[in-house]
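The chain contents come next:
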Amino acid sequence: MSSSIVGTRELPSSQYDLSTYWGRVRHSMDIVDPRTLLTSQKALDAHTALLEKYKRGEISPQMTPELWHAKKVVDATLHPDTGMPVFLPFRMSCFVFSNLIVTAGMLTPNLTTRGVLCWQIANQTLNVLINTSNANKSSPLSNGQLATSFFLAVGASCGVAVGLGRVVQKVSFKPNAKMILGRLVPFAAVATAGVMNVCLMRGGEIKKGIDVYPTSDDGEKKESLGKSQRAAMFAVGETAVSRVLNATPIMVIPPLLLVRLTATEWLKSRPKLVMPINCGLIFVTSIFALPLALGAFPQRQAVKADSLEPYFWGKGGKEDLVEFNRGI
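Rules used in this analysis
Residues numbered from 1 in each chain as written. Predicted model: local features only at pLDDT ≥ 70, side-chain atom pairs only at ≥ 80, totals over all residues. Heavy atoms only, no water. UniProt positions renumbered as here; feature names shortened; annotations may be inferred. Helix = DSSP H or I, 4+ residues; strand = E, 2+ residues; numbered from the N terminus. Buried < 20%, exposed > 50% of the residue type's maximum accessible area, 1.4 Å probe, protein only. Pairing = 2+ DSSP bridges. Expected span 1.5 Å × (residues − 1). Contact = heavy atoms within 4.5 Å. Lys, Arg positive; Asp, Glu negative; His and termini not counted. Salt bridge = Lys/Arg side-chain N within 4 Å of Asp/Glu carboxyl O. Domains from an automatic or database assignment.

**A word on the UniProt feature "transmembrane region" (unreviewed entry) in the chain**
Line of reasoning, step 1. UniProt marks residues 146-168, 180-200, 231-253 and 273-297 with the feature "transmembrane region" (unreviewed entry), using the numbering shown here.
Line of reasoning, step 2. Here residues 231-253 runs as 100% helix and 0% strand, with 34 Å between its end C-alpha atoms.
Line of reasoning, step 3. Counted over residues 273-297, helix gives 84% and strand 0%. Its end C-alpha atoms are 38 Å apart.

Structural data, given as structure tokens:
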């Protein structure tokens, strides 16, 4: 993100009001805009150079459409802590495409137990890669911790998916109700494992804390005040809630719509269209759901200094606020 670029003049956080939910949603639409994936390295370097000139005070402080576009591309491409490009398949601007295949697999009707296990493992693998690629880098996990977190999350997702699926098959419901509940089992597995995945993969942040900075509106680059465990708990908790909010429409709306559609004579006579329609429903829902979920909480969160550990009391910047990178 552009916050990783060094300079004495701060860039505006967004052209939208990030103190409001809809402002954050519109900002998130820029972050997840898949058109930024087409940016070449040469163009990215040019955008970064333009922002560096702005932050060094070499150009007018007035934000222009060109500067806003440069910021949009950089924010969608670079990690806010390292300043390095996030690997393309794991950028939030690629999430809709990266997530489409595994979600379609999990929501395939009448999966066998082997199919359920394979798709849950694939989904958790993707989650791990996205989480680690976009997580706060001030407290990285070791390879051993990553492996442990991955296997625990896989165990949780597979256990919920298979166990709950069998429970649904055994309960005494009408066939139609049982079918609907069966289609919602993947959502329960994804939501449960998604929260566990975030907490486990970023457990090191909670244990060690994450860097906290004083807020400022004078353009001065501030140094870290230290690492805060409470800030890490805020960051990880909000990210986990955001993941559930994102999974809810994607894992609930398409399967319920598909149940209605598969009951029609038109689709019954065209069974080969079930999978393309399933993918289309997931794709359209994802496009609308992702910005709505990401907008739930600001990525760079600002809190009162006295809401953290006593060490940070009285050390806040503007209005005694401190900020930290929540991660995605």
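**Looking at the pairing of strand E1 (residues 210-214)**
Line of reasoning, step 1. Most of E1 sits inside the fold, with 4 of its 5 residues counted as buried.
Line of reasoning, step 2. Two strands pair when backbone bridges link them, and E1 and strand E4 (residues 321-325) are joined in this way by 2 bridges, in the antiparallel orientation. When the bridges of E4 are listed, Pro 214 appears paired with Val 322.

**Details of helix H3 (residues 65-77)**
Line of reasoning, step 1. Taking 1.5 Å of rise per residue, the 13 residues of H3 would be expected to cover 18 Å, and the 18 Å separating its terminal C-alpha atoms lies within 8% of that figure.
Line of reasoning, step 2. Taken across its 13 residues, H3 has 10 buried, putting it largely inside the fold.
Line of reasoning, step 3. For H3, the full list of buried residues reads Leu 67, Trp 68, Ala 70, Lys 71, Lys 72, Val 73, Val 74, Asp 75, Ala 76 and Thr 77.
Line of reasoning, step 4. Structurally, H3 contributes buried residues whose contacts are with helix H1 (21-31) and helix H2 (41-55).

**Some details on the pairing of E4**
Line of reasoning, step 1. Here strand E3 (residues 300-304) runs beside E4; their pairing, made up of 5 bridges, is antiparallel. Within E4, the residue paired with Val 303 across the bridge is Val 322.

**Some remarks on the side chain of Glu 309**
Line of reasoning, step 1. Note on placement: Glu 309 falls in the loop between E3 and E4.
Line of reasoning, step 2. Arg 230 provides the closest opposite charge to the buried, unpaired Glu 309, separated from it by 4.9 Å.
Line of reasoning, step 3. Residue contacts for Glu 309: discarding those within four places in its chain leaves Ser 228, Gln 229 and Arg 230.

**Remarks on unusual backbone geometry**
Line of reasoning, step 1. In this structure, Asn 110 takes a positive phi of about 60° despite not being glycine.
Line of reasoning, step 2. As for its position among the elements, Asn 110 is in the loop between helix H4 (95-106) and helix H5 (113-134).
Line of reasoning, step 3. Taking the relative accessible area as the measure of exposure, Asn 110 reaches 74% and is therefore exposed.
Line of reasoning, step 4. Phi is positive for Asp 320, close to 60°, though the residue is something other than glycine.
Line of reasoning, step 5. By the secondary structure assignment, Asp 320 is in the loop between E3 and E4.
Line of reasoning, step 6. Judged by its relative accessible area of 26%, Asp 320 falls in the partly exposed class.

**Considerations on the side chain of Ser 286**
Line of reasoning, step 1. Relative to the helices and strands, Ser 286 resides in helix H11 (residues 274-294).
Line of reasoning, step 2. Residue classification places Ser 286 among the buried positions, given a relative accessible area of 3%.
Line of reasoning, step 3. Each residue touching Ser 286, except ones within four places of it in the same chain, is listed here: Val 96, Ile 250 and Pro 291.

**Concerning the domain arrangement of the chain**
Line of reasoning, step 1. Along its sequence, the chain is carved into domain 1 (21-85) and domain 2 (93-325).
Line of reasoning, step 2. Computed from C-alpha atoms alone, the centre-to-centre distance between domain 1 and domain 2 is 25 Å.
Line of reasoning, step 3. Counting residues at the interface gives 17 residues for domain 1, matched by 19 residues for domain 2.
Line of reasoning, step 4. Here domain 1 is connected to domain 2 by 0 salt bridges.
Line of reasoning, step 5. Looking at the side of domain 1 that touches domain 2, the element that brings in the most residues is H1, giving 7 residues.

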